[in-house]
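Structural overview
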Amino acid sequence: MTVFTRPAHQERVLDIVKDTRGVALAIPEQTSGGWADISVFPKDAPDTVAEYDTIKRVRTAVHAVSGAEAVVGGPSAENLNTEVTTKRDEKLVIPLVLAVVLIVLGLLLRAILAPLVLMATVIVSFAAAFGGSVFVFDTILGFKGVDYSVPLLAFLFLVALGVDHNIFLASRAREETVRLGTREGMLKALSATGGVITSAGLVLAATFAILVTLPLVMLIEVGFLVAFGVLLNALLVRSVLVPALTLLIGRRIWWPSRLSRPAAKLPDGQQPLADDEEPVLQR
């Protein structure tokens, strides 16, 4: 790593850096432009947890020197900054994305439980895609870990695409539920939208899979993860998981809208429904 400090404090900073645990060697370098730099060599391998801990100790030590205005840089220090920033962004961006999507689903479906169920399926789908992709990266491709930016980028892509598929299915299911009831409405919606959603998923997966051909690890990881996640969502989550949950939950999936109520106004000539039967509402 490289430590930049004011020339008047170079010797003081140099002594402090040498005494910092984890530092193998510190060498004073040239002075120019009002700054003096010190080359620092940690004992641990690059981009390891131990080396990151050494960088943090060095930063804490040199920042304590009054007037030195010392800063610590270098490739590993930059990677550490990227990791810290990415983790901070994940804690901010992911909840905001989920909140916005949940509000949109609630307004579209005019329900509370259905949006929560759909968001849960999207999150589970992302977790499954991420776990499967990491397994492929480690055991087949031989990558040493996942790039810091990959989880957040993949999450944004997969949530957006997964919610799109669920919106197509759920909005059509709600329309059909008004006429046919929840069970028949979901089955009708699945048969009507299945081909379109599956075709769109295949096209999107093929598009992102092209990134796997590029000679950059980060793009390979993003491309594979998103392509795998899109296929998982289009072929399994949207086709099996969402319909199955809807059929298990029944009309309560539309709570608290009128579709969730057991009593409903029926078309002329029909008999009242039992408590365990699905309501068929008139428009």
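As the structure is a computational prediction, the values presented were derived from the model and not from experiment. (Residues numbered from 1 in each chain as written. Predicted model: local features only at pLDDT ≥ 70, side-chain atom pairs only at ≥ 80, totals over all residues. Heavy atoms only, no water.)

With respect to the overall build of the protein chain
- Tallying secondary structure elements over the protein chain gives seven helices and four strands in all.
- When the helices and strands of the protein chain are placed in sequence order, the string is β-α-β-β-α-β-α-α-α-α-α.
- Over its C-alpha trace the protein chain gives a radius of gyration of 28 Å, far above what one expects of a compact globule, namely 19 Å for 283 residues.
- Split into buried and exposed, the 283 residues of the protein chain put 40% on the buried side.
- As displayed, the protein chain has an accessible area near 14900 Å², and 64% of this comes from carbon and sulfur atoms. (Helix = DSSP H or I, 4+ residues; strand = E, 2+ residues; numbered from the N terminus. Rg over C-alpha atoms; globule rule 2.2 N^0.38 Å. Buried < 20%, exposed > 50% of the residue type's maximum accessible area, 1.4 Å probe, protein only. Areas by Shrake-Rupley, 256 points an atom, 1.4 Å probe, with all protein chains shown as cover.)

Observations regarding the packing of helix H4 (residues 113–139) against helix H7 (residues 217–249)
- Their axes nearest at 8 Å, the elements H4 and H7 cross at an angle of 140 degrees. When you trace H4 past H7, the crossing you get is right-handed. Only Glu221, Phe224, Leu225, Phe228, Gly229, Leu232, Asn233, Val237, Leu241, Val242, Leu245 and Ile249 of H7 make contact with H4, whose side of the interface consists of Leu113, Val117, Leu118, Thr121, Ser125, Ala128, Ala129, Phe130, Gly132, Ser133, Val136 and Phe137. (Axes fitted to C-alpha atoms, helices over the stretch in contact; angles between N-to-C directions. Left-handed = near helix turned anticlockwise from the far one by under 90°. Contact = heavy atoms within 4.5 Å.)

A closer look at the environment of Val49
- Inspection of the secondary structure puts Val49 in helix H2 (residues 49–63).
- It is 36 Å that separates the C-alpha atoms of Val49 and Val101, two residues lying 52 residues apart in sequence.

Regarding the pairing of strand E3 (residues 35–42)
- In terms of residue burial, E3 counts as a mostly covered element, since six of its eight residues are buried.
- As defined by bridge partners, strand E2 (residues 23–32) adjoins E3 across seven bridges and the pair is classed as antiparallel. What sits directly across from Pro28, in E3, is Ile38.
- Hairpin connection from E2 to E3: two residues lie between these consecutive antiparallel strands, with Gly33 at a positive phi of about 60 degrees. (Pairing = 2+ DSSP bridges.)

Comments concerning the nonpolar core
- In terms of nonpolar packing, the biggest core is built from 38 residues, with Leu158, Val163 and Val226 touching the most fellow members.
- The element contributing the most residues to this core is helix H5 (residues 150–180), with 11 residues.
- Ignoring any residue separated from it by four or fewer positions in sequence, one finds Val163 in contact with Val101, Leu105, Met119, Val122 and Leu158.
- Among the nonpolar cores identified, the runner-up in size contains 21 residues, and Ile16, Val23, Ala61 and Ala68 belong to it. (Core = buried A, V, L, I, M, F, W, Y, C linked by side-chain atoms within 4.5 Å.)

Here we look at the packing of aromatic side chains
- What the rule picks out here adds up to six aromatic pairs.
- Consider the rings of Phe126 and Phe155, whose centres lie 5.3 Å apart with planes at 90 degrees: the pair is edge-to-face. On the criterion of sequence distance, the pair formed by Phe126 in helix H4 and Phe155 in helix H5 is long-range, its members being 29 residues apart. Residues Phe126 and Phe155 agree in their burial class; the two are buried.
- Measuring from ring centre to ring centre gives 5.9 Å for Phe137 and Phe143, while their planes differ by 35 degrees; the resulting arrangement is tilted.
- Classification of Phe137 as buried rests on a relative accessible area of 1%. (Phe/Tyr/Trp six-rings, centres within 6.5 Å; stacked < 30°, edge-to-face > 60°.)

Notes on the packing of H5 against H7
- Between H5 and H7, the shortest axis-to-axis distance is 9 Å and the interhelical angle comes to 25 degrees. When the axes of H5 and H7 are compared, the pair comes out roughly parallel. In the packing of H5 onto H7, the handedness of the crossing is right-handed. Touching Val150, Leu153, Ala154, Phe157, Leu158, Leu161, Gly162, His165, Asn166 and Leu169 of H5 are Met218, Glu221, Val222, Leu225, Val226, Gly229, Val230, Asn233, Ala234, Arg238, Val242 and Pro243, all from H7.
- For the contact of H5 with H7, the per-class residue count stands at 15 nonpolar, five polar and two charged. (Parallel < 35°, antiparallel > 145°, perpendicular 65-115°, else oblique. Nonpolar A, V, L, I, M, F, W, Y, C, P; charged D, E, K, R; others polar.)

A few points about the side chain of Glu51
- Residue placement: Glu51 occurs in helix H2.
- Buried charged residue Glu51 carries no salt bridge. Nearest counter-charge: Arg57, at 11 Å.
- Here Asp47 takes part through its backbone nitrogen, which lies 2.6 Å from a polar atom of the side chain of Glu51. (Lys, Arg positive; Asp, Glu negative; His and termini not counted. Salt bridge = Lys/Arg side-chain N within 4 Å of Asp/Glu carboxyl O. Polar contact = N/O pair within 3.5 Å; in protein donor to acceptor, adjacent residues only side chain to side chain.)

What about helix H3 (residues 75–109)?
- Compared with the 51 Å implied by 1.5 Å per residue over 35 residues, the 49 Å span of H3 between its first and last C-alpha is a close match.
- Where H3 bends most, the angle comes to about 25 degrees, and this point is Glu90.
- Those residues of H3 not exposed but buried are Ser76, Ala77, Leu80, Glu83, Thr86, Val101, Leu105, Gly106 and Leu109.
- Looking at the buried positions of H3, the neighbouring elements they touch are H2, strand E4 (71–73), H4 and H5. (Expected span 1.5 Å × (residues − 1). Bend = angle between axes of the 7 residues up to and from the residue.)

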